[in-house]
Amino acid sequence: MASTALHDTAVLHHHDHGNDHGHHKETFITKYIFSQDHKMIAKQFLITGIIMAVIAMMLSVLFRLQLAWPDKSFPLLETFLGNKWAEGGRIKPDFYLALVTIHGTMMVFFVLTAGLSGTFSNLLIPLQLGARDMASPFLNMLSYWFFFLSCCIMMSSFFVESGPASAGWTVYPPLSALPKAISGSGTGMTLWLISMVLFIASALIGALNYISTVLNMRTTGMDMWKMPLTIWAFFLTAIVGVLSFPVLVSAVVLLIFDRSFGTSFYLSDIVVAGQVLPNQGGSPVLWQHLFWFLGHPEVYIVIMPALGITSEVIATNSRKPIFGYHAMVYSLIGITVLSFIVWGHHMFVTGMNPFLGGVFMITTLIIAVPSAVKTFNYLATIWRGNLRFTPAMLFAIGLVSFFISGGLTGIFLGNAALDINLHDTYFVVAHFHLVMGAAAIFGMLCGVYHWYPKMFGRMMDERLGYLHFWLTFIGAYLVFFPMHFMGIDGVPRRYYAFTEFAFMQEWLTVNVFITWAAIVSALAQVAFLWNFFYSMFYGKKASQNPWESNTLEWTTPVEHLHGNWPGEIPSVYRWPYDYSKPGHHTDFIPQTTPFSETMSSNLQHDFEDNPEAELIQQEWERQHAPMGQAAEEIK
């Protein structure tokens, strides 16, 4: 017994805050609306994110109709949008720009940031680390409601007389700084700014909570090198958010001053309708520096959680240990550090000093290295694995595909000389929609399919999952791949119609093709929405560990309780990727299984920093060695 206890020595202090959470009577309001249970908050983030994604997708279909058939009238548009925005069934130029602006804002911030990170950080951090809940459940609840309020204010801008914000999702001055510049620069822009401040408050509260939970609330034995890659990704994403989001708040405050109090932080030498404005001394390039100091880390705030989810799903469904665990962690840390020193590649055409442009070019190309490490490690994990093609696994492989194809085009845009020709063309649209948009969405869907049984206690329909994957995967490539060629030909983004210039008219037929592909892709999401909401009530009931996974969340009961585990929180003895270990009778070994129960499959590197356990293992191997081998060792 003494030797077994020694063999299973735990490393960390056990943080068990008791399970008294679940004993008080909860009302409908406290359980489903103002819930402080991280699992319910994760569902709130997810469902709100799905609603925002559906709205953003509908907006994209509207402006794709305009791009495909710029001279055609759609009476239905006038019926729904009214005479003000779609007179005669044709979307007006101002409203077209508003659609592009709100679509981008919703997808980047509400869906890919809050919907992805908010959902899975909330769901998995306490469950995979062995904690009863987040460090501060109340602040966690507050984080969601700030996000929800932000969504409501953004949506309300569609109902103000001047219309929603219309300066692109990057809201560059002077359009965003002068309320009288265009109709979308008025009240709609003010609502956009208020919405974003609330969103950033939500993101900061959430991120501080995630960091505190990871650092302080791990269960016995769960040191940093036993954490799943999902937790590493969420942890580092939260650090990036805490350091970068406040910069956008400062930029927004200065923009509000320019809009309302006559300052000139971003304005200088402006003429409106022949009238020279008194603003002088400011520069819109200052906004670009402040915005992109958040904006480029934001790309990694979006993609890193998706990469973490993909790591877990690929290892589980390949039935293999993740290839190069330490390299994967160091690559995430490398991305975190480098993400703060590459923002200038968005600004190569602003007239920046060529030397500074060269510095940003070098750092931009260097950040491809940790990204490539992750890609090769995914491929090495899949290689010769015993693959199970669940819908989650297909979406994980889809993410790797988009990450490769979209990432390769980033090499073009990271080169200052090439970027001058490609900047603000459809090449940029194609690049970031593949590497950030499609890849992150596939990571989010991968996580939904994989952890749906943990969230709702039921299984999603696999056949609908396969249909959803193939239509979405093929549709995404058909939509965004042709845009690369449009960009190389110099077709600019955000133009209302391609009928003004002869060289752009040549791409009208391609726009029709892209629009039909976008419509089919949008319709494919109906399969997902039906599967998601129908399975919630009528899906097949899930077992406790349907994927035979090693991580701690699958040790909790199927029926949720606030506090996660009914008794003592389990202790952790091993890393989370012991799949298909030679000598073991099953192809997975949960983290909660002591080494003393797996003597026949233990390896030397399992006992790093634990020499006593290694001696016990060696003694056991001597006792159980074949007779001839044992005699040879004695001799």
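Rules used in this analysis
Residues numbered from 1 in each chain as written. Predicted model: local features only at pLDDT ≥ 70, side-chain atom pairs only at ≥ 80, totals over all residues. Heavy atoms only, no water. Axes fitted to C-alpha atoms, helices over the stretch in contact; angles between N-to-C directions. Helix = DSSP H or I, 4+ residues; strand = E, 2+ residues; numbered from the N terminus. Parallel < 35°, antiparallel > 145°, perpendicular 65-115°, else oblique. Left-handed = near helix turned anticlockwise from the far one by under 90°. Contact = heavy atoms within 4.5 Å. Core = buried A, V, L, I, M, F, W, Y, C linked by side-chain atoms within 4.5 Å. Buried < 20%, exposed > 50% of the residue type's maximum accessible area, 1.4 Å probe, protein only. pLDDT = per-residue confidence, 0-100.

Novice: What exactly am I supposed to notice about the packing of helix α9 (residues 284-318) against helix α15 (residues 426-456) here?
Specialist: Following both chains from N to C, one finds α9 and α15 inclined at 45°, their axes separated by 8 Å at the closest point. One way to sum up the angle between α9 and α15 is to call them oblique. Considering how the two elements wind past one another, α9 and α15 form a crossing that is left-handed. Within the contact between the two elements, α9 uses V299, V302, I303, A306, I309, E312, V313, T316 and N317 and α15 uses V435, M436, A439, A440, G443, C446, G447, H450 and W451.

Novice: Honestly, unusual backbone geometry in this entry has me stumped. Any pointers?
Specialist: Note: most residues except glycine have negative phi, and most peptide bonds are trans. Residues P173 and P174 are joined by a peptide bond in cis, for which omega reads 5°. Counting through the fold element by element, P174 comes out in the loop between α6 (137-156) and α7 (187-216).

Novice: Explain the nonpolar core to me, please; I cannot follow it from the model alone.
Specialist: Looking at soluble globular proteins, one finds that nonpolar side chains tend to be buried together. One finds F120 and F532 to be the most contacted residues of the largest nonpolar core, which totals 174 residues. Among the elements that take part in this core, helix α5 (residues 93-129) stands out by supplying 21 residues, more than any other. Dropping the residues within four chain positions of it, F120 is found in contact with I125, F234, I309, M444, G447, V448, W451 and M455.

Novice: Can you help me understand the environment of L508 in this one?
Specialist: Among the secondary structure elements, L508 is positioned in helix α18 (residues 508-538). Along the sequence, L508 and M107 sit 401 residues apart, while their C-alpha atoms lie 26 Å from each other. Those residues in contact with L508, other than ones at most four positions away along the chain, are L67, A68, P70, F498 and T499.

Novice: Is there a simple way to think about the environment of D489 in this case?
Specialist: In this fold, D489 is placed in the loop between α16 (462-488) and α17 (502-505). Put simply, D489 and I420 are 69 residues apart on the chain and 13 Å apart in space, counted from C-alpha to C-alpha.

Novice: What is the right way to look at the environment of F74 in this model?
Specialist: You can see F74 is positioned in the loop between α3 (38-68) and α4 (75-81). Along the sequence, F74 and G89 sit 15 residues apart, while their C-alpha atoms lie 4.3 Å from each other. Residues within four places of F74 in sequence aside, it is in contact with L65, W69 and G89.

Novice: Could you clarify how one ought to interpret the confidence of the model for the chain in this entry?
Specialist: Note: predicted coordinates in regions of low pLDDT should not be interpreted at a detailed level. Residues of the chain with pLDDT of at least 70 account for 94%, and the chain-wide mean is 90. pLDDT under 50 marks residues 1-7. Its contacts with residues more than four places away, or in other chains, come to 14 contacts.

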